[in-house]
Amino acid sequence: MTLRVGVIGGGQLARMMIVPALELGLEIKVLAEAHGSSAALAATQVGDYTKFETVAEFAKTVDVITFDHEHVPLEILRRLEAEGVSVQPPSRALAFAQNKLEMRRRLHELGLPMPVWAAVQTADELQEFLNANGGVCVLKTPIGGYDGKGVRIIRSASDAQDWLEPDALTRVGGTLLAEEKVSFVREVAQLSARTPSGDFATWPLVQTTQANGVCAEVVAPAPGANAETIAHAAEIARSVADGVGVAGVLAVEMFETPNGRLLINELAMRPHNSGHFSIEGSVTSQFEQHLRAVLNLPLGSTDARAAWSVMVNILGVDDRNDFVSGFEKVLGEHPVAKVHTYGKGARAGRKMGHVTVISDSLDFATTEANATAQALLQG
Ligand code: ADP
């Protein structure tokens, strides 16, 4: 009997699940938001994931529902679960990936390390938090933010006047999340996977670099991380995964502080940009592992296939650069670089693809991955 996975959302994450699904002989279906999506290669149906009937009909055609993004309303998922549909990760876990305040509250209950934070609803509460935290903070909308949208550094409550207006506040759930501005030495991410029965696997801790709030480069493993930090990061991921009941891939994004502490920034309960390196860099990629995990199959080995993997994102420059013009030349000049493009229409800042280079030399992998991405951008 063929196992059937249904993915809600037709972005690049769903697209990259297609290859391992074919390899494993799984059937993969996608509920995409529009025609011509990144994942259109799979059996794709277009529909509105905010309509219960649409999602319920889709769910009837598969054995498990999983996600390319975190935006499906929880009420819909709870109804599906009540009707016996396998939703992985389940709604009770996903609630913490959809709402940064709920995530902070749960991580606090679990006693996990985080930046100082507070829920604020008024300018006075925000000013009080600023006064107690050196006059600067990172203010976040708890829902609806991504790639740095919904994140703002502020030095006075008046910097957030527009977000504190009643209508704007209602749209994001009535409360904002204020966090201490962490002086981190770098950002890292711990990727892991958990099955519904509780099997668990981690990849090595990776270093992530963001540009304008968007992931730009990932180095696996995180250079210079000591054994204690590596073990601690894996323990944090395990505590989060068990503590919120994740099924599938979990990414825990963290800040590393000058004194070596790890503080959790945010969680993603799906394959994540910090794990794209694993397609070439690991025995089992995050996309294959996600499929195994949501189907409650045994997890694959996460052993590295090379000492270093470097992944560089290709971000759209404008609405014309589609990487077609220089494509052939770039492939010819960079034969060891693994080039991935997502079949998306060009737009400035949009994640259009990525490049991974695996090597025994970190210098070579870094230089070659960046040179290939640059060459693609220049066309
Ligand atoms: P998004 O949901 O858009 O990914 P994040 O909460 O991850 O937003 O924030 C985006 C970026 O902003 C982070 O990668 C980090 O560089 C910076 N940032 C977020 N929170 C803090 C914080 N508390 N202190 C310092 N920098 C932060």
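Residues numbered from 1 in each chain as written. Predicted model: local features only at pLDDT ≥ 70, side-chain atom pairs only at ≥ 80, totals over all residues. Heavy atoms only, no water.

(A) Representation of helix α3 (residues 74–82) in the model. Residues L74, I76, L77 and L80 constitute the buried set of α3. Seen end-on, α3 carries its buried residues on one side only, within an arc spanning 160 degrees. Residues E75 and A82 are exposed on α3 and point more than 90 degrees away from its buried face. Buried positions along α3 lie against α2 (52–59), β4 (64–67) and α4 (91–98). Remark: G84 follows α3 within two positions and exhibits a positive phi of approximately 95 degrees. (Buried < 20%, exposed > 50% of the residue type's maximum accessible area, 1.4 Å probe, protein only. Helix = DSSP H or I, 4+ residues; strand = E, 2+ residues; numbered from the N terminus. Arc of directions from axis to C-beta. Contact = heavy atoms within 4.5 Å.)

(B) View of the packing of aromatic side chains. In this structure the tally under the stated criterion is 1 aromatic pair. With a centroid separation of 4.9 Å and an interplanar angle of 10 degrees, the aromatic rings of F184 and F255 are classed as stacked. Of this pair, F184 sits in the loop between β8 (176–180) and β9 (186–194) while F255 sits in strand β13 (residues 248–256); the two residues are 71 residues apart in sequence, bridging distant segments of the chain. Against the face of F52 rests R79, its NZ or CZ located 3.6 Å from the ring centre. Between the NZ or CZ atom of R152 and the centre of the ring of W163, over which it lies, the distance is 4.3 Å. (Phe/Tyr/Trp six-rings, centres within 6.5 Å; stacked < 30°, edge-to-face > 60°. Lys NZ or Arg CZ within 6 Å of the ring centre and 35° of its normal.)

(C) Focus on the site of the ligand. Around the ligand, the structure places 19 residues, and the nearest of them are K100, K140, G148, E187 and E266. Here an oxygen atom of the ligand and a side-chain polar atom of E187 are 2.7 Å apart. One of the side-chain N or O atoms of N265 is found 2.9 Å from an oxygen atom in the ligand. In the complex, the protein chains occlude 88% of the 550 Å² of accessible area that the ligand would expose alone. Elements that contribute at least two residues to the shell around the ligand include exactly β6 (137–140), β8, β13 and β14 (262–268). Looking at side-chain class alone, the shell around the ligand contains 6 nonpolar, 3 polar and 10 charged residues. (Near = heavy atom within 4 Å. Polar contact = N/O pair within 3.5 Å; in protein donor to acceptor, adjacent residues only side chain to side chain. Areas by Shrake-Rupley, 256 points an atom, 1.4 Å probe, with all protein chains shown as cover. Nonpolar A, V, L, I, M, F, W, Y, C, P; charged D, E, K, R; others polar.)

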